[in-house]
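# Overview (structure and organization)
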Amino acid sequence: MSSAHLSSIRFDREWFRKSETKSSNGRKLHIRGSVTSSPQSVQFAEAKAEKSGKAVRIGVLGASGYTGSEIVRLLANHPHFGITLMTADRKAGQSIGSVFPHLITQDLPDMVAIKDAKFSNVDAVFCCLPHGTTQDIIKALPKSLKIVDLSADFRLQEIAEYEEWYGQPHRAPDLQKEAVYGLTEILREEIKAARLVANPGCYPTTIQLPLVPLLKANLIETRNLIIDAKSGVSGAGRGAKEANLYTEIAEGIHSYGITRHRHVPEIEQGLSDAAHAKVTVSFTPHLMPMSRGMQSTIYVEMTPGVTIEDLYKQLKIAYEDEEFVILLEKGVVPHTRNVRGSNYCLLNVFPDRIPGRAIIVSVIDNLVKGASGQALQNLNVMMGLPENTGLLYQPLFP
Ligand SMILES: NC(=O)C1=CN([C@@H]2O[C@H](COP(=O)(O)OP(=O)(O)OC[C@H]3O[C@@H](n4cnc5c(N)ncnc54)[C@H](OP(=O)(O)O)[C@@H]3O)[C@@H](O)[C@H]2O)C=CC1
Ligand SMILES: CC(=O)N[C@@H](CCC(=O)OP(=O)(O)O)C(=O)O
């Protein structure tokens with residue numbers, strides 16, 4: 001399919017109306033898809049007869065990893081995205097069901113090595129590869145492809161900053177200029193027009209969603225921001241590492257990356273853009289004995305004269321029309337167990353007992369809103385679809 005075909009993908013009015021009724025929680029939704037029912041779109045829909053039978057043909061690079069397999073799980077119920085290519089490295093040649101038995105029902109092509117991948121039957125790619133490997137691979141992809149990259153390789157606007165924090169040269173500086181940071185609720189308009197989206201890190205997602213609206217409205221100080229964050233072990237990927245053995249993780253927690261975690265520049269970049277001033281943070285992540293889930297507890301100083309009510313109201317204004325970011329009722333504490341397997345971010349803000357300070361709690365599933373769910377939300381936006389398409393899974397509980 002040519003890029004002309006790709007950009008001509010539209011969805012008919014009847015389908016669009018149906019998807020508009022799909023509100024999961026009765027909240028007013030952002031339905032931002034293009035609405036056309038031109039003869040070309042019908043023709044295109046008829047001409048799409050690929051193996052998947054779906055309009056947009058998807059490649060998942062790194063399907064044998066945790067975020068790649070989560071994309072496969074989410075796409076199982078997507079009405080318009082069908083997987084036509086999957087890659088793996090050590091597991092190349094295997095089927096998705098043999099590598100991930102929970103996906104045994106998915107009738108998909110076997111995974112191939114990247115060097116053997118053919119992109120002639122692919123329109124868009126989710127790139128779920130380790131950072132550091134991704135720049136060379138994306139650079140070599142056909143320019144007609146839309147790409148959502150889940151790694152950190154295109155998240156930092158400053159090349160020097162990438163090289164400092166990731167300890168290696170940036171190998172695609174020209175592509176970096178084109179990349180749009182994919183924090184959907186904040187940068188939706190830019191994402192709509194993007195070809196390459198750098199999907200945010202999981203910790204930066206939990207932190208920027210509450211802080212960006214507050215910094216934009218000048219309600220909190222840009223100094224003394226303290227972030228205590230916690231992640232499930234799937235955040236470290238599926239590769240075998242001694243530090244991630246059951247015996248090293250169970251029945252205890254530990255902090256890591258103190259003062260030097262590579263998400264610091266990403267967090268500070270987004271917060272500084274929002275504040276129009278340099279923001280620095282104290283950020284300490286912790287590894288928790290759970291497979292999924294992430295919480296950031298954020299300690300902030302309110303600007304003089306601002307009250308906890310003002311913070312609450314600002315977050316309400318920012319997110320009341322959003323499908324996936326939910327400000328809880330006053331006093332209700334967000335729990336990671338209430339977002340497991342879903343694309344929701346739950347937020348709340350609490351008064352500190354120290355006057356002038358507030359405590360924000362933000363939770364997500366690191367593999368969904370922190371990675372593959374947000375990536376799918378972004379590709380929906382890039383393709384002109386309602387952004388909740390295929391994402392209305394309710395959390396898995398208990
Ligand atoms: N896990 C999470 O919660 C989050 C992860 N991310 C980012 O998403 C990306 C993927 O993470 P995740 O799925 O957890 O990682 P995994 O380690 O679980 O998976 C990595 C995937 O990349 C493949 N791979 C590894 N090395 C190479 C290589 N040199 N060439 C080609 N393919 C390779 C692996 O293949 P094989 O297994 O066959 O060897 C596997 O499919 C990373 O950049 C990560 O930082 C972002 C947000 C959250
Ligand atoms: C628990 C754990 O190890 N988490 C990972 C972060 C999750 C992630 O993969 O983030 P990126 O997309 O930026 O790589 C870490 O701390 O490096």
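Residues numbered from 1 in each chain as written. Chains lettered and ligands numbered in written order. Predicted model: local features only at pLDDT ≥ 70, side-chain atom pairs only at ≥ 80, totals over all residues. Heavy atoms only, no water.

Another aspect to go through is the sheet that holds strand 7 (residues 225-231). Taken in spatial order, the seven strands line up as 8-9-7-10-13-12-11 in an open sheet, and their pairing is mixed. Of all the strands in the sheet, the pair left with one neighbour each is strand 8 (254-255) and strand 11 (325-327). Strand direction decides the pairing type here: strand 8 and strand 9 (residues 281-287), joined by two bridges, are antiparallel. When the sheet's bridge partners are listed, His254 is paired in strand 9 with Leu287. Across the sheet, helix 13 (residues 308-319) touches strand 10 (294-301), strand 11, strand 12 (345-351) and strand 13 (357-364), and the angle it forms with strand 12 is around 165°. (Pairing = 2+ DSSP bridges. Helix = DSSP H or I, 4+ residues; strand = E, 2+ residues; numbered from the N terminus. Contact = heavy atoms within 4.5 Å. Axes fitted to C-alpha atoms, helices over the stretch in contact; angles between N-to-C directions.)

Our next topic: the pattern of salt bridges. Per the stated rule, a full pass over the model turns up 20 salt bridges. Asp174 is the salt-bridge partner of Lys177, the closest N and O atoms lying 3.2 Å from each other. Of the two residues, Lys177 and Asp174 both sit in helix 8 (residues 173-178), three residues apart, roughly one turn of that helix. In this structure, Lys177 and Asp174 share a single accessibility class: exposed. Connected through salt bridges with shared partners, the residues Glu70, Arg73, Arg292 and Asp365 form a single ionic network. (Salt bridge = Lys/Arg side-chain N within 4 Å of Asp/Glu carboxyl O. Buried < 20%, exposed > 50% of the residue type's maximum accessible area, 1.4 Å probe, protein only.)

In the neighbourhood of ligand 1, 29 residues make up the surrounding shell, with Ser64, Thr67, Arg90, Leu129 and Arg238 lying closest. Between an oxygen atom of ligand 1 and a main-chain N or O atom of Asp89, the distance comes to 2.9 Å. A distance of 2.9 Å is found between an oxygen atom of ligand 1 and a backbone nitrogen or oxygen belonging to Lys91. Contact with the protein chains hides 85% of the accessible area of ligand 1, taken as 910 Å² for the molecule alone. Among the elements of the structure, helix 4 (66-75) and helix 14 (368-382) are those that each provide at least two residues to the shell around ligand 1. Residue contributions to the shell around ligand 1 reach at least three from each of two domains, namely domain 1 (3-200 + 371-382) and domain 2 (203-366). (Near = heavy atom within 4 Å. Polar contact = N/O pair within 3.5 Å; in protein donor to acceptor, adjacent residues only side chain to side chain. Areas by Shrake-Rupley, 256 points an atom, 1.4 Å probe, with all protein chains shown as cover. Domains from an automatic or database assignment.)

Attention now goes to the site of ligand 2. Near ligand 2 there are 13 residues, and of these Arg155, Tyr256, His261, Arg262 and His263 occur at the shortest range. Within the backbone of Gly235, one N or O atom sits 3.3 Å away from a nitrogen atom of ligand 2. At a threshold of 2 Å from the grid points, most atoms of ligand 2 map onto the largest pocket. Grouping the amino acids of the shell around ligand 2 by side-chain chemistry returns six nonpolar, five polar and two charged. (1 Å grid on protein atoms, 1.4 Å probe; cavity = no way out; pocket = protein on both sides within 12 Å on 5 of 7 lines; lining within 4 Å. Sits in = over half its atoms within 2 Å of the grid points. Nonpolar A, V, L, I, M, F, W, Y, C, P; charged D, E, K, R; others polar.)

UniProt annotation of "domain: Semialdehyde dehydrogenase NAD-binding" (unreviewed entry) refers to residues 57-194 when read in the numbering used here. Between the C-alpha atoms that bound residues 57-194 there is a distance of 18 Å. The span itself is 31% helix and 16% strand. (UniProt positions renumbered as here; feature names shortened; annotations may be inferred.)

What follows deals with the layout of surface pockets. Of the voids in this model, the largest pocket is the one considered here, and its volume is about 1,300 Å³. Forming the walls of the largest pocket are 48 residues, and the residues nearest its centre are Leu129, Pro130, Gly235, Ala236 and Gly237. Approximately 320 Å³ is the volume found for the second largest pocket. In terms of residues, the lining of the second largest pocket owes the most to one element, helix 12 (residues 264-275), which gives four residues. Split by domain, the lining of the second largest pocket shows at least three residues from each of two domains, domain 1 (3-200 + 371-382) and domain 2 (203-366). (Points joined across faces, edges and corners; volume = space filled by probe spheres on them.)

Per the UniProt record, "active site" (unreviewed entry) is found at Cys202. By secondary structure assignment, the location of Cys202 is in helix 10 (residues 202-216). If we ignore the near neighbours within four places in the chain, the residues touching Cys202 are His263, Met294, Ile364, Asn366 and Gly370.

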